[in-house]
Amino acid sequence: MRNPPRLPGARVVQRLHRSCYGPFALHTLREGPIPDTTGREEYVVRNPATGEDICTVVMANQNDVQTAIYHAREVLKTGVWSKAPAIQRAAVLSNLARSLQDRIKHFAQLESLQTGRVIREMTAQLGRLPEWLDYYAALLRTHQDFIAPTQGKLLNYVQRVPLGLVAQITPFNHPLLIAIKKIAPALAAGNSVIVKPSELAPISVLEFAEMSVAAGLPPGVLTVLPGYGRTVGVEIASNPLIRKVDVTAGTETGRALGSIVGKNLAAYTAELGGKAPIVVFNDADIQSAANGAAFACFVASGQTCVSGTRLIVQDGIYDKFMDRFMQKVESVTARMGDPMNPASTMGTVISHRQLERIEKLVQRPGVGTILAGGRRMTGKSSLDDYDFSRGSFFPPTVITDVSTEDDLWREEVFGPVVVVKRFSDERAGIELANACKYGLGAGIWTSDLSRAHRVSAEIEAGLVWVNTHHRNDPSSPWGGMKESGIGRENGIEALEAYSQTKSTIVNIASAEETREMQDWYAEAEGAQEKRYG
């Protein structure tokens, strides 16, 4: 392999709150002193709960992207990973799972610091991430190629081979979860992977890439390029050597990237916006539904694509349900505090800019009736005396009397804001649930098993939860309908989407049979039909 141009090196964040050069580009080329980064833009990652600096990350430029792609392509061509036996790749993924498992507490702190989400959420979420690596390691150990049933004396064996060099663009809301959901199947399939994390929360993804080499992943197989989507993201997606782009982002971003990727005839997976309906029927257990709806609406401060942002409640229990639900909202709000406090219920939104956007949407004249929240939080926490004015805190917000034509019903807010409507009968509930351009997640609350299956079949969403919400598993396909995206994460489907079939067809006839069979230009009448029919 030729020696590729060197990229800027990396310093991993060793202590929380430390100012540093963030891990950058090819983390595997970091031996020796950090190369000169003059002329490259730097981005300060800030804690949205305090406004304090966490670290400084050197952003990739156009030349860095091209160099990284060149290097990753060269590593791919060596076959050190792409042609490694499946059992070897499985062992590395298993090692990586164990390494991650040993550092869950550390990564949870990083995630909480860079996103403002409460430590209780991040500890629970990251505790499950090794499952994704273990799952794809298990698939590698059990996956089988097959023999196609061809005619004649031919053996047609079909293998799955890597796509090659693939790119992943990940968001700020679940930095490490979404990255690993994409990285695990891509590596399992034998690809070389370039990841562009969100500039708002890149630290955990960069540290994971560093950790992967120690777990046995060959240097250069996994590359992380910090940068802005409009520059680094577009530059990566535009490169014809990239054979698949996998993005989690807003719908407009996904649409723009899709048009770029399509020009290169590359594969594309996009998990985009959502506006999940939560449909609560008269026969639902009211307390369970209220608890579940609160979780659906306010986990991650409402910053998930499957956040329950449209609460649709049947007439017969509307008043009782809303009473219980509002009690839960009040309880969640009262126990907000320092995100690093394990007792704190809900953290911040990602930035002051997002805080202003949410408040502007909610405070528009004539927007509806605000039952709770609606304005940024100031003053001190009753839980731990935390000063809310230090960060981007927005309380759980509940709004009624909102038209289905209003932006709060139609557009993704990405904050802890839920609009509530009542409905009369099953058909009306389904119509309200589907009255949206998005179709990622949805929830149904009912004790009627027949209704649960019937309504689930009618709701236009890639994920429908019954009497629960936001449940996720590495084996369960995850993706949306309508404007919520294309393709699926998780499961066998994701592994196959990161590979392609290759047929090898072998003539197993005797030499005599072969001479006759291969003589296309034989003079005997009907020879062609006999040999190739």
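The name an unreviewed UniProt entry gives the protein is Aldehyde dehydrogenase, with Wolfiporia cocos as the organism. What UniProt records for the protein under Sequence similarities (unreviewed entry) is the sentence "Belongs to the aldehyde dehydrogenase family."

1. Some details on the UniProt feature "domain: Aldehyde dehydrogenase" (unreviewed entry) in the protein
UniProt tags residues 41–503 as "domain: Aldehyde dehydrogenase" (unreviewed entry). Structurally, residues 41–503 comprises 40% helix and 21% strand, and the distance from its first C-alpha atom to its last is 47 Å.

2. Digging into the packing of aromatic side chains
Within the structure shown, the criterion is met by nine aromatic pairs. Centre to centre, the rings of Phe321 and Phe325 are 5.8 Å apart; their planes meet at 10°, and the pair counts as stacked. Of this pair, Phe321 and Phe325 both sit in helix α11 (residues 318–334), separated by four residues, roughly a single helical turn. Side by side, Phe321 and Phe325 carry an identical accessibility label, which is buried. On the numbers, 5.8 Å between centres and 65° between planes, the contact of Tyr386 with Phe393 is edge-to-face. Phe393 sits in the buried class, given a relative accessible area of 0%. The rings of Phe298, Phe321 and Phe325 are connected pair by pair, giving a single aromatic cluster. Positioned over the ring face of Tyr498 is Lys244, at 4.9 Å from the centre of the ring. If you follow Arg310 out to its NZ or CZ, it ends over the ring of Trp409, 4.9 Å from the centre.

3. What to know about the pairing of strand β17 (residues 463–466)
Residues of β17 alternate between two faces, with Leu463 and Trp465 buried on one and Val464 and Val466 left unburied on the opposite face. In this sheet, β17 lies alongside strand β16 (residues 441–445) in parallel orientation, the contact comprising four bridges. Among the inter-strand pairings, Ala442 is bridged to a residue of β17, identified as Val464. Once you follow β16 into helix α15 (residues 449–458) and on to β17, the crossover reads as right-handed.

4. Remarks on the side chain of Thr514
Along the polypeptide, Thr514 turns up in helix α17 (residues 511–517). A distance of 2.9 Å separates a polar atom in the side chain of Thr514 from a polar atom in the side chain of Asn507. A distance of 2.7 Å separates a polar atom in the side chain of Thr514 from the backbone oxygen of Ser510.

5. Some points on the domain arrangement of the protein
Looking at the protein, the domain boundaries give domain 1 (20–272) and domain 2 (276–471). Using only C-alpha atoms to locate each centre, domain 1 and domain 2 end up separated by 31 Å. Domain 1 puts 22 residues into the contact, and the matching count from domain 2 is 29 residues. The contact between domain 1 and domain 2 buries some 1,900 Å² in all, and 58% of this surface belongs to carbon and sulfur atoms. Where domain 1 meets domain 2, there are one salt bridge. Residue Arg390 is joined to Glu52 by a salt bridge in which the shortest nitrogen-to-oxygen separation is 3.5 Å. Across the domain 1-domain 2 interface, the total number found is seven residue pairs in polar contact (both at pLDDT 80 or more). With four residues, the single largest contributor to the side of domain 1 that touches domain 2 is helix α3 (residues 104–115). Residue composition of the side of domain 1 that touches domain 2, by class: seven nonpolar, 10 polar and five charged.

6. Some remarks on the sheet that holds strand β9 (residues 267–271)
Pairing is mixed in the open sheet, where six strands are placed in the order β7-β6-β5-β8-β9-β19. Each edge of the open sheet is held by one strand with a lone partner, namely β7 (222–224) and β19 (485–486). Alignment of strand β6 (residues 192–196) against β7, held across three bridges, turns out to be parallel. Opposite Ile194, over in β7, you have Thr223 as the bridge partner. Seen against the sheet, helix α1 (residues 62–78) touches β5 (165–169), β6, β7 and β8 (242–248) and runs at an angle of roughly 155° to β6. Seen against the sheet, helix α9 (residues 251–263) touches β5, β8 and β9 and runs at an angle of roughly 175° to β9.

7. Overview of the UniProt feature "active site" (unreviewed entry) in the protein
Here, UniProt's "active site" (unreviewed entry) annotation points to Glu271. Considering the arrangement of structural elements, one finds Glu271 in strand β9. The contacts of Glu271, once residues within four sequence positions are left out, are Val247, Thr248, Ala249, Cys305, Leu440, Trp478 and Ser484.

Cut-offs applied
- Residues numbered from 1 in each chain as written.
- Predicted model: local features only at pLDDT ≥ 70, side-chain atom pairs only at ≥ 80, totals over all residues.
- Heavy atoms only, no water.
- UniProt positions renumbered as here; feature names shortened; annotations may be inferred.
- Helix = DSSP H or I, 4+ residues; strand = E, 2+ residues; numbered from the N terminus.
- Phe/Tyr/Trp six-rings, centres within 6.5 Å; stacked < 30°, edge-to-face > 60°.
- Buried < 20%, exposed > 50% of the residue type's maximum accessible area, 1.4 Å probe, protein only.
- Lys NZ or Arg CZ within 6 Å of the ring centre and 35° of its normal.
- Pairing = 2+ DSSP bridges.
- Right-handed = clockwise from strand over helix to strand, strands pointing away.
- Polar contact = N/O pair within 3.5 Å; in protein donor to acceptor, adjacent residues only side chain to side chain.
- Domains from an automatic or database assignment.
- Contact = heavy atoms within 4.5 Å.
- Buried area = accessible area lost by both parts, 1.4 Å probe.
- Salt bridge = Lys/Arg side-chain N within 4 Å of Asp/Glu carboxyl O.
- Nonpolar A, V, L, I, M, F, W, Y, C, P; charged D, E, K, R; others polar.
- Axes fitted to C-alpha atoms, helices over the stretch in contact; angles between N-to-C directions.

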